[in-house]
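Spelled out from the first residue to the last, the chains are:
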Amino acid sequence: MRKAILSILLCFLFFSMPVESKSKDLRFIIVFDSNEDELIERKKEIVDLVNDMLDHVGENSFYELLENAVDELTTEDREVYFYKSTLFFYLGDTKGIKIEGSFVKNSFCMAEVKPKSFIRQWFNF
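Small disclaimer: the values here were computed from a predicted structure and weren't measured.

Chemist: Which residues make up the pattern of salt bridges, and what values do they have?
Modeler: Following the criterion strictly, the structure yields 4 salt bridges and no others. We note a salt bridge from R42 to D77, for which the minimum N-O separation is 3.6 Å. One end of the pair, R42, is in helix α2 (residues 39–54); the other, D77, is in the loop between α4 (70–73) and β2 (78–83), and 35 residues separate them in sequence. Residue R42 is classed as buried on the basis of its relative accessible area, which comes to 15%. We note a salt bridge from K98 to E100, for which the minimum N-O separation is 3.5 Å. Among the charged side chains, a salt-bridge network with shared partners connects R27, K98 and E100.

Chemist: Account for the nonpolar core, with residues named and values stated.
Modeler: Of all hydrophobic cores here, the largest spans 24 residues; its most connected members are F28, V50, L87 and F89. When residues of this core are traced back to their parent elements, those giving at least two are β1 (27–31), α2, α3 (62–68), α4, β2 and β3 (86–91). When residues in this core are grouped by element, the largest group, 6 residues, is from α2. Excluding residues that lie within four positions of it along the chain, F28 makes contacts with K43, V47, T86, L87, F89, I99, E100, G101, S102 and F103.

Chemist: Account for the packing of aromatic side chains, naming residues and giving values.
Modeler: All told, the structure shown has 2 aromatic pairs when counted by the stated rule. With 6.4 Å between their ring centres and 5° between their planes, F88 and Y90 make a pair best called stacked. We classify F88 as buried; its relative accessible area is 18%. Classification of Y90 as partly exposed rests on a relative accessible area of 27%. Here the aromatic cluster, defined as three or more aromatic residues joined through ring pairs, consists of Y81, F88 and Y90.

Chemist: Quick rundown of α2? Include the residues and the values.
Modeler: Under the 1.5 Å per step criterion, the end-to-end length of α2 is 23 Å for 16 residues, consistent within 8% with the ideal 22 Å. Restricting attention to buried positions, one finds in α2 the residues L39, R42, I46, V47, V50, N51, M53 and L54. The buried residues of α2 occupy one face: seen down the axis, they fall within an arc of 165°. Among the exposed residues of α2, those pointing more than 90 degrees away from its buried face are I40 and K44.

Chemist: Describe the sheet that holds strand β4 (residues 98–102), with residues and values.
Modeler: As summarised here, the arrangement of the 4 strands in space is β2-β3-β1-β4, forming an open sheet in which the pairing is mixed. What marks the edges here is a single partner per strand, and that holds for β2 and β4. Each neighbouring strand pair of the sheet contributes to a mean axis angle of 15°, computed without reference to strand direction. Pairing of β2 with β3 involves 6 bridges; the strand directions are antiparallel. Each residue of the ladder has a partner; that of E79, found in β3, is Y90.

Definitions and cut-offs
Residues numbered from 1 in each chain as written. Predicted model: local features only at pLDDT ≥ 70, side-chain atom pairs only at ≥ 80, totals over all residues. Heavy atoms only, no water. Salt bridge = Lys/Arg side-chain N within 4 Å of Asp/Glu carboxyl O. Helix = DSSP H or I, 4+ residues; strand = E, 2+ residues; numbered from the N terminus. Buried < 20%, exposed > 50% of the residue type's maximum accessible area, 1.4 Å probe, protein only. Core = buried A, V, L, I, M, F, W, Y, C linked by side-chain atoms within 4.5 Å. Contact = heavy atoms within 4.5 Å. Phe/Tyr/Trp six-rings, centres within 6.5 Å; stacked < 30°, edge-to-face > 60°. Expected span 1.5 Å × (residues − 1). Arc of directions from axis to C-beta. Pairing = 2+ DSSP bridges. Axes fitted to C-alpha atoms, helices over the stretch in contact; angles between N-to-C directions.

Okay, here's the thing in structure tokens:
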């Protein structure tokens, strides 16, 4: 009886432990300066900077690269932290607008799509 209770208790403890996976989407949170006027341009600049870093790295190495690149991304007016698959960017006094999102990595090329028309096909133009 003791063995059964002990094994049930161990199974309960084993299955009740939270498991956190690193396969979550890579997210970002940007907290702007209260005097910032060019929010969209700054957001695009930060997202492009990180996407350029991630273009040359395999998907399995994203997290290791970002954990080591925090010092590279930090500047005088920008503090950067990486915690639980989220990059935090704090700009200036951090009393401004907060923007959240996720980094999207395109693994394909977008082909140019031309509209087709039956009339154009018949007359070959």
